[in-house]
Amino acid sequence: MARRSDHVDETKLDVHAPKDAAAGVTGVRVALQRAVSHMGVKRSAKTLLKLNQADGFDCMSCAWPDPDPENRHTAEFCENGAKAVAEEATRTRATPAFFAQHSIADLAARDEYWLGQQGRITHPMVKRSGSTHYEEISWDGAFALIADRLHALDSPDEAIFYTSGRASNEAAFIYQLFIRAFGTNNLPDCSNMCHESTSVALGESIGIGKGSVSLRDIYDAKLIVIAGQNPGTNHPRMLSALETAKLRGAKIISINPLREAGLVNFRNPQKPRGVIGKGTDLSDLHLPIKLNGDLALFQAIGSLLVEWDALDHDFLAAHTTGFEAWAEHVRAVDWDFVVETTGLTREQITEAATMLRDSDATIYCWAMGLTQHRNSVATIKEVVNLAFARGDIGKRGAGLCPVRGHSNVQGDRTMGIWEQVPEKFLDALQAEFGFDPPREHGFDTVDSVRALRDGKAHVFIGLGGNFVQAAPDTEVTTDALQRARMTVHVSTKINRSHLTCGDVALILPTKGRTEKDIQASGEQYVTVEDSMSSVHASRGVLEPASAELRSEVGIIAGIAKATLGERHAIAWDAMRDDYGVIRDHISRVVPGCEGYSDLVDRPGGFVLAHPPRDSRTFPTKSGLGEMVVSPIEALHVPAGRLLLQTLRSHDQFNTTIYGLSDRYRGIEDGRRVVFLHPDDIADLGYADGDFVDLVAHWDQDEITRVAERFRIVAYDTPRGSAAAYYPETNPLVPLDSTAIASNTPTSKSVVISFTPPGTARGEARRAHETQADVGADDHHKAEPAPDPVQIS
């Protein structure tokens, strides 16, 4: 297969000073220009004016909640939301003629941006065994082909069923129903790669793996802590909520290695001060923490709160267990170790602790910067410990706020997309449909790749997403998928996973959020759940991009009927024809969804119950909030190496590349850049602007992991901490380097070094050979290689 041409074009890449503000006015202009160029003026107005409205459709981008219907703006969208709509509602089409013109090898040689610009897929397509091209196939033919391959498996557990966070609640529910009726719990999803650490930590600490705040709590907070999150790029509408909180007197602490524009100042395009004024300053204190220093920071803050007796003793006594052990642990914090691990001064940490002490209502926000390290679950539990210590759960203007990155990833989990769903959910499924679902836990994302790699799984079906680009260890993942007997992707546009084919491959084109969904009973709507447990309806407004498109629900029902036939007497056709039938099933199966259809028919929908938030009750094993003691851990990176975090540019959403601009960080017309502290650049013997290959160091296997030809960019980031965009750097993330307890890839803790361009693979190979030679004489008594990043 030809190597894709996604390297930096040295003649175009432009680096300039990063911005010191998130300029909403500029963003709106950029977004509208993008929308008009993709959709035209009329189509742009028709979609954008219905985006995130109570009678419109939910944004397919991030999961930030909407204001109450009466408080929404006419333009209730951000720059990246408008880009997402433009991508989906584009007038460009990828027809069967397009696939006939381009071989799979030809398409695989293109970069992600080019692939995304080829438009909406109009017909079901198949790559038959031995073929070099995709060709058109009928829907019935596609469903029959899938059923044949599934029936040929020795066990249902040899199939993998992946879900992206864009799937609606109705699609997610019928999907997990089909999979469990087929006989497996192999339901990996995108959450496994992002907020799984959150789900595990919160599930054990407060009894529910969801945040405990509402949008109104953000407005009412006295202090907001934002850790490991960049709202200006990843959740831009959050900036409006932060602005409201600031104007009402809140203070903000930002904890992030990079000084991001969206945490400095926000110029709201909907307000005069944002258009002609100086905007609103956001962060009152920025802590430029070293990568993986968060656990030490939070324990040091806890130590000071205990020392000052700045504790809510009534809350601790009534609602928690484990406080005394935690307090004893944090009293013994080694401050020299904390300073070394965080890269912060004791004075900076004390200032942050003082702000927590002085606030009687604090919200703790976080995202991938906390969830993608080996000790992520412990780190998030430490955030919860601080909230417990201050009584900041179940109180107005206070609580825990994990900010989800995909529009319905939380809803999919609520609907049962989980490889280890609780027994009570399976019992309810059995009572509703009359079959006993499998009880053994299935494969998550990392284990799914391992199963495909090792020949334990042979069929991969993906409901949305771009699995090969989202998963870690790209070359390993690619090889694993190519070993499959069949790969199937339900998609709107071409992506690299379609070009990473099993022996037989199918692309099943689906309707998008922007499009009307007409079934036998009439026009349908779907429902979604945001980061704050609010569930609401979404109704498309455009005619489908092709008459051949089917809805996600229709596609799943077709696969299920072809595969299962009359088994279990499940009425697949009835659910396809009327989504109200699915919602009736949801109301009897999914906890908290009683009367589901009536609740989602209300303008703005309803909010799911959350015991810690609603009544300060905790459905944990003890019935109390669990304060957990975790040893402070630090990553020791050898001299001459750096710790890399992978991140998004401003011009992308997850693996979708909207363009080649990251204007807040000063990057134009390129993506293969690596951000470093100027002193690190000099110490490593390079200069700002030099090109290098990135080499990952992971001694648990002999795989050479390289990302070639990146331009060094001097940036305001702590010493020893590097940053670069994914998916270009996903090849550096080892499949087996995962968070303890959650199995989330450690994409924010990758040990790397640099080599001159074009030399990385040779040097890495020689390093492996040297290591093998050194151990050859003692091979009979060799032990497993230690992790090169040692934990103290």
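Residues numbered from 1 in each chain as written. Predicted model: local features only at pLDDT ≥ 70, side-chain atom pairs only at ≥ 80, totals over all residues. Heavy atoms only, no water.

Let us look at the sheet that holds strand 30 (residues 667-668). Either a parallel or an antiparallel arrangement is found when strands of a sheet pair, and the pairing is made through backbone hydrogen bonds. Strand order in this open sheet of 3 strands is 1-30-29, and the pairing throughout is antiparallel. Looking at the sheet topology across the chains shown, the edges are occupied by strand 1 (14-15) and strand 29 (661-662). The sheet contact formed by strand 1 and strand 30 spans 2 bridges and is antiparallel. Paired with D14 across the strands is E668, a residue of strand 30. (Pairing = 2+ DSSP bridges. Helix = DSSP H or I, 4+ residues; strand = E, 2+ residues; numbered from the N terminus.)

Before going further, it helps to spend a moment on the packing of helix 14 (residues 294-307) against helix 18 (residues 346-358). One way to put it is that helix 14 packs onto helix 18 with a least axis distance of 9 Å and a crossing angle of 60°. Judged by the angle between their axes, helix 14 and helix 18 are oblique. Considering the relative orientation of helix 14 and helix 18, their crossing is right-handed. Contacts between helix 14 and helix 18 involve L297, A300, I301, L304 and L305 from the first element and I349, T350, A352, A353, L356 and R357 from the second. Residues of the contact of helix 14 with helix 18, tallied by class, amount to 9 nonpolar, 1 polar and 1 charged. (Axes fitted to C-alpha atoms, helices over the stretch in contact; angles between N-to-C directions. Parallel < 35°, antiparallel > 145°, perpendicular 65-115°, else oblique. Left-handed = near helix turned anticlockwise from the far one by under 90°. Contact = heavy atoms within 4.5 Å. Nonpolar A, V, L, I, M, F, W, Y, C, P; charged D, E, K, R; others polar.)

The subject of this paragraph is the packing of aromatic side chains. For the coordinates displayed, the defined rule picks out 19 aromatic pairs. Taking 5.8 Å as the distance between ring centres and 85° as the angle between the ring planes, the aromatic pair formed by F161 and F178 counts as edge-to-face. Within this pair, whereas F161 is found in strand 7 (residues 159-163), its partner F178 is found in helix 8 (residues 169-182), the two being separated by 17 residues in sequence. A residue is classified by how much of its surface remains accessible, and F178, at 2% relative accessible area, is buried. Ring geometry for Y596 versus F606: centroids 6.0 Å apart, planes at 90°, classification edge-to-face. Of this pair, Y596 sits in helix 29 (residues 596-601) while F606 sits in strand 23 (residues 606-607), placing them 10 residues apart in sequence. (Phe/Tyr/Trp six-rings, centres within 6.5 Å; stacked < 30°, edge-to-face > 60°. Buried < 20%, exposed > 50% of the residue type's maximum accessible area, 1.4 Å probe, protein only.)

A word on helix 25 (residues 474-482). Since one α-helical turn is 3.6 residues long, residues separated by three or four positions face the same way. Buried within helix 25 we find T474, V476, T477, T478, A480 and L481. Its buried side turned inward, helix 25 meets helix 23 (445-453), strand 16 (459-463), helix 24 (467-470) and strand 17 (486-491).

Bringing the confidence of the model for the protein chain into the picture now. Scored by pLDDT, the protein chain has a mean of 91; 92% of the residues are at 70 or more. Low pLDDT, under 50, characterises residues 1-8; the stretch is placed with 23 contacts to residues that sit more than four places away or in other chains. Contacts from residues 771-792, a stretch scored under 50 in pLDDT, to residues over four places away or in other chains number 28 contacts. (pLDDT = per-residue confidence, 0-100.)

Let's shift gears to the state of the cysteines. All told, the structure shown has 0 disulfides when counted by the stated rule. The thiol of C190 is unpaired, and the distance to the nearest cysteine sulfur, on C194, comes to 5.4 Å. Note on C190: relative accessible area 13%, which makes it buried. (Disulfide = S-S within 2.5 Å.)

Core analysis: the largest hydrophobic core is formed by 66 residues, its most contacted members being L150, F178, L506, L508 and W572. If you tally residues by element for this core, the top one is helix 8, at 10 residues. Core analysis: the next-biggest nonpolar cluster, separate from the first, contains 56 residues, F323, A327, V330 and V377 among them. (Core = buried A, V, L, I, M, F, W, Y, C linked by side-chain atoms within 4.5 Å.)

Enumeration according to the criterion identifies 47 salt bridges in this entry. The shortest N-O distance in the salt bridge between D358 and R357 comes to 3.1 Å. Overall, the relative accessible area of 35% leaves R357 in the partly exposed class. Ionic pairing is found between D573 and R576, a salt bridge with its closest N-O pair at 3.2 Å. Here D573 and its partner R576 are both found in helix 27 (residues 572-577), 3 residues apart, which amounts to about one turn of the helix. (Salt bridge = Lys/Arg side-chain N within 4 Å of Asp/Glu carboxyl O.)

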